[in-house]
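Structural overview
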Amino acid sequence: MVRAMNLSGSVSGFKPAPLPGVVPAPLEVVELNHPSLPGGLDGLTVLHITDLHLRAGKPWSAWLDRLAGVLGGLEVDLAVFTGDAMNYPGDEDSAIEGTAKLLNACRTRLGIFGIFGNHDSPVFRDRAVREITSARWLRDEVVAVGGLPLRLVGPEDPEDLLHTLLDGVETGAVRGSDGVFEIGLVHYPTEVYPAAEFGIPLVLAGHTHGGQIRVSADFAPHTSSDLPGGLASGVMRYRDTLVCVPRGLGEAVVEMRVNCTRQAPVYVLRRGPLLGGVSPSEAPRLHRVIRW
């Protein structure tokens, strides 16, 4: 059941967290324009973490240690996690330990919000809600954030954002035209399609790892989804909805990456013209507007 939280306060006086001129890898600063962003939220910063794929006996690593150090020195307004903390059943202990440690390193003004991916077992999901309390886990919920004109939509099932949206309409939590900017947190990038039908302007996804093993920056033989290899990562647009698909942080199946470095984007939301003006023949299709 969707739980809607009432807005309190207003956007007046909100000042986004300032970012330094340069952030170290795997962080990458990305500006996202959308005309429906309330002017008072211009400059809102969102850290996007996804796809850790932690394994049994390996809750932490050198690259996670470096990332935690970077996060400890950076303040953002909001942080989100879009699933696949673990790799396979039996990895739950390591995934709980490593994910908690990494999320605890985040410094945010408005909190950390997370959803689960297809690799996250029911055991992990229940434990995460109880044990990783630095994050607010969305399980088929729509929540307002920080008394601002901002809502997050998070499904319980990685492949069923539609159910969350339909319940949200019934409860009045998803309205799309009330001046509140809505962000869908999903695991599968293809959930952009129901999001667009409901007028969700921004979707943050995961799952593909950018292909993980790429022939080139524009082609990944396998994306673990219905997206073609040329859309394995980046910012895509479908109608008036943007979907951000990072390269992610961990590795599934085989512990290697080829032509596909780890990535945790930090989005700076801007009120402005939609990215990706295209010809009429391209407009109905999902297409990439920012390459990474």
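Scroll up for the structure.
Residues numbered from 1 in each chain as written. Predicted model: local features only at pLDDT ≥ 70, side-chain atom pairs only at ≥ 80, totals over all residues. Heavy atoms only, no water.

1. Overview of the sheet that holds strand β7 (residues 135-137)
With respect to topology, six strands assemble into an open sheet ordered β1-β14-β2-β4-β6-β7, the strand pairing being mixed. Two strands bound the open sheet, and with one partner strand each, they are β1 (27-33) and β7. Averaged over all neighbouring strand pairs, the angle between strand axes comes to 25°, with direction disregarded. As defined by bridge partners, β1 adjoins strand β14 (residues 264-270) across seven bridges and the pair is classed as parallel. Across the sheet, the residue bridging to L32 is L269, located in β14. (Pairing = 2+ DSSP bridges. Helix = DSSP H or I, 4+ residues; strand = E, 2+ residues; numbered from the N terminus. Axes fitted to C-alpha atoms, helices over the stretch in contact; angles between N-to-C directions.)

2. Here we look at helix α3 (residues 122-131)
Within α3 the residues assigned to the buried category are F124, R125, R127 and A128. Of the surrounding elements, those touching the buried residues of α3 are α2 (92-104) and β7. (Buried < 20%, exposed > 50% of the residue type's maximum accessible area, 1.4 Å probe, protein only. Contact = heavy atoms within 4.5 Å.)

3. Considering the environment of W63
Looking at where W63 falls in the secondary structure, it is placed in helix α1 (residues 62-72). Judged by its relative accessible area of 16%, W63 falls in the buried class. If sequence neighbours within four positions are ignored, W63 has contacts with L52, L249, G250 and R262.

4. Considerations on the side chain of T208
By secondary structure assignment, the location of T208 is in the loop between β11 (202-204) and β12 (234-238). In contact with T208, not counting residues within four places along its chain, are P189, T223, S225, L227, A232, V245 and P246.

5. A short note on the state of the cysteines
As enumerated under the stated definition, the model contains zero disulfides in all. Residue C106 stays outside any disulfide, its sulfur separated by 17 Å from that of C244, the closest cysteine. C244 takes part in no disulfide bond, and the closest cysteine sulfur to it belongs to C260, at a distance of 16 Å. Since its relative accessible area comes to 0%, C244 is described here as buried. (Disulfide = S-S within 2.5 Å.)

6. Examining the nonpolar core
Core analysis: the biggest nonpolar cluster contains 35 residues, and L27, L47, I49, L52, L71 and F124 have the highest contact counts within it. Where this core is concerned, the elements lending two or more residues are β2 (45-49), α1, β4 (78-82), α2, α3, β7 and β14. Counting residues per element, this core draws most heavily on α1, which supplies six residues. In this structure, V46, V145, L148 and W292 belong to the second largest nonpolar core, which totals 31 residues. (Core = buried A, V, L, I, M, F, W, Y, C linked by side-chain atoms within 4.5 Å.)

7. A closer look at the environment of N87
Following the sequence through the fold, N87 ends up in the loop between β4 and α2. Between the C-alpha atom of N87 and that of A252, which follows or precedes it by 165 residues, the distance is 6.6 Å. When residues no more than four places from it in sequence are discounted, the contact partners of N87 are H53, L54, R55, H119, E251, A252 and V253. Side chain to side chain, N87 and H53 meet in a polar contact 2.8 Å long. (Polar contact = N/O pair within 3.5 Å; in protein donor to acceptor, adjacent residues only side chain to side chain.)

8. A look at the pattern of salt bridges
Following the criterion strictly, the structure yields 20 salt bridges and no others. Notably, a salt bridge pairs E156 with R125, separated by 3.8 Å at the nearest N-O pair. Here R125 lies in helix α3 and E156 lies in the loop between β9 (150-154) and α4 (161-171), a separation of 31 residues in the sequence. Since its relative accessible area comes to 11%, R125 is described here as buried. Notably, a salt bridge pairs R257 with E251, separated by 3.6 Å at the nearest N-O pair. Note on accessibility: R257 and E251 belong to one class, buried. If you follow the salt bridges from partner to partner, you end up with R125, D126, R139 and E156 in one network. (Salt bridge = Lys/Arg side-chain N within 4 Å of Asp/Glu carboxyl O.)

9. Points about the layout of surface pockets
As a volume, the largest pocket reaches approximately 240 Å³. Along the walls of the largest pocket sit 17 residues, with G211, Q212, H222, S224 and A252 positioned nearest its centre. Residues belonging to the lining of the largest pocket are distributed by class as follows: five nonpolar, 11 polar and one charged. (1 Å grid on protein atoms, 1.4 Å probe; cavity = no way out; pocket = protein on both sides within 12 Å on 5 of 7 lines; lining within 4 Å. Points joined across faces, edges and corners; volume = space filled by probe spheres on them. Nonpolar A, V, L, I, M, F, W, Y, C, P; charged D, E, K, R; others polar.)

10. Quick look at the packing of aromatic side chains
Evaluation of the coordinates by the stated rule reveals four aromatic pairs. Each ring, one from F81 and one from W137, has its centre 6.1 Å from the other, and the planes form 85°; the classification is edge-to-face. Of this pair, F81 sits in strand β4 while W137 sits in strand β7, placing them 56 residues apart in sequence. Measuring from centroid to centroid gives 4.8 Å for F116 and W137, while their planes differ by 10°, and the two rings are stacked. Highlighted residues: F116 in the loop between β6 (112-115) and α3 and W137 in strand β7, separated in sequence by 21 residues. The exposure class of F116 is buried, given its relative accessible area of 1%. The exposure class assigned to W137 is buried, which follows from its relative accessible area of 5%. Put simply, the rings of F81, F116, F124 and W137 pair up and form one aromatic cluster. (Phe/Tyr/Trp six-rings, centres within 6.5 Å; stacked < 30°, edge-to-face > 60°.)

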